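# Descriptive analysis of the structure
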Amino acid sequence: MSSAEELSTFDSEKDAPTKDMGDVGQAFGPQAVDMDVVQPYKATVWDSIPDWAKDPDGKWVISYLGTMSSMANAANVSEPLDSWEALKNSGCKVTLGDVVRGASAQMAVLSCAYAFGGGTDNLEPAFQFFTELAKEGRLDAGTYSLERMTRGEIDLTLQYRDLAVEAAPDINIACHVMSDGALQSGYALVINKYAPHPYSAALAVEYLLSDEGQIDRARGYARPIRSDVELPSDLAEKMIPDEEYTDAIPLTDNEAVSAACAEIASRWEEEIIPLMN
């Protein structure tokens, strides 16, 4: 499910809930509070979480961070796609995913805005960029899947390098953190207000924020939110090199991010989707 679908499910199933918790994009934590579909829980490591990465009442907490990156099928794309500028000039077809409902796809649009001089309060550069791509037929309307990547239907996306390689060992995948607009944002744990097993959900939050849970996040290529956890040295071999994160832009103003993502979803549906059909 997208982040929006997770929260909608909490609300629609409140009389017969099936979901205990969710993992939603940073902008959707405050939205979950506004929708009144989450309940508070503060893990025992609460003080180790940065203030910007948690709701003061414990209704959401970011457990890991990601930085905007590209994943390209090197068989189709010859030059490194390590910036939005390089992507603009590449001629390749791009897949973002569900921009209307998906947090990571919305972050891609926001990243593009930053890359071309905009920001949370100025999305126009991104919409100019994606309008041009859509008119050129370079904006893929579908969602990412391993099958589509391995069949060569997608040139560039923003997800899941090793899953693609595992499915098709001969595929040549190149991953880079964007050198322009390298936004760093997180995903938030939320417990359903109507959770059928709230204590199990609380235990899951405890684990995911524990030292062991944070190391597991790193094994999944995410950057743990807790800076006081020491990661095993062997994990560094699986990650994109640290030097590519030099220009990463942390997003810590949750109100601005939430407002920008809401505008992105609305404008994408009104302005970009019609150009893709």
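Please refer to the structure placed before this passage.
What follows deals with the environment of Val61. The residue Val61 is located in strand β3 (residues 61-67) in this model. Each C-alpha atom of the pair Val61 and Ala188 lies 5.0 Å from the other, and the pair is 127 residues apart in sequence. Once residues within four sequence positions are removed from consideration, Val61 is found in contact with Trp46, Ile49, Ala53, Lys54, Tyr187, Ala188, Leu189 and Leu209.

All right, on to the packing of aromatic side chains then. Applying the stated criterion across every chain, the model contains seven aromatic pairs. Ring geometry for Trp84 versus Phe129: centroids 5.7 Å apart, planes at 90°, classification edge-to-face. Remark: Phe129 occurs in helix α5 (residues 124-135) and Trp84 occurs in helix α3 (residues 84-88); sequence separation between them is 45 residues. Assigned by exposure class, Trp84 and Phe129 land together as buried. With 5.9 Å between their ring centres and 85° between their planes, Trp84 and Phe130 make a pair best called edge-to-face. With Trp84 in helix α3 and Phe130 in helix α5, this residue pair connects regions lying 46 residues apart in the sequence. Like Trp84, the residue Phe130 is buried in the burial classification.

Look at helix α4 (residues 103-115) against α5: their axes get within 7 Å of each other, and the N-to-C directions meet at 110°. Judged by the angle between their axes, α4 and α5 are roughly perpendicular. Contacts between α4 and α5 involve Val109, Cys112 and Ala113 from the first element and Pro125, Ala126, Phe127, Phe129 and Phe130 from the second. Of the residues that constitute the contact of α4 with α5, the class distribution is eight nonpolar, no polar and no charged.

Cut-offs used in this document
- Along each chain, residues carry numbers from 1 onward, in the same order as the chain's sequence is written.
- Note on the predicted model: pLDDT of at least 70 is required for a residue's local features to be given, and 80 or more for side-chain atom pairs to be given and counted; whole-chain, interface and lining totals, by contrast, use all residues.
- To get the side-chain values, take all heavy atoms of the structure and skip hydrogens and water.
- Under the scheme used here, helices are H or I runs from DSSP no shorter than 4 residues and strands are E runs no shorter than 2 residues, and both carry numbers assigned from the N terminus.
- We call two residues contacting when some pair of their heavy atoms lies within 4.5 Å.
- Put simply, two rings from Phe, Tyr or Trp (the six-membered ring, in Trp's case) pair if the centres are within 6.5 Å, and we call them stacked under 30 degrees between planes, edge-to-face over 60, tilted for the rest.
- Burial here depends on accessible area, computed with a 1.4 Å probe over protein chains only, as a share of the maximum for the residue type. Under 20% is buried, over 50% is exposed, and the range in between is partly exposed.
- Interaxial angles span 0 to 180 degrees and are taken between N-to-C directions of axes, which are lines fitted to C-alpha atoms, for helices over the stretch in contact.
- Should an angle fall under 35 degrees it is taken as roughly parallel, and over 145 as roughly antiparallel, whereas 65 to 115 is taken as roughly perpendicular and any remaining angle as oblique.
- Gly counts as polar in this scheme, as do all residues outside two lists: the nonpolar Ala, Val, Leu, Ile, Met, Phe, Trp, Tyr, Cys and Pro, and the charged Asp, Glu, Lys and Arg.

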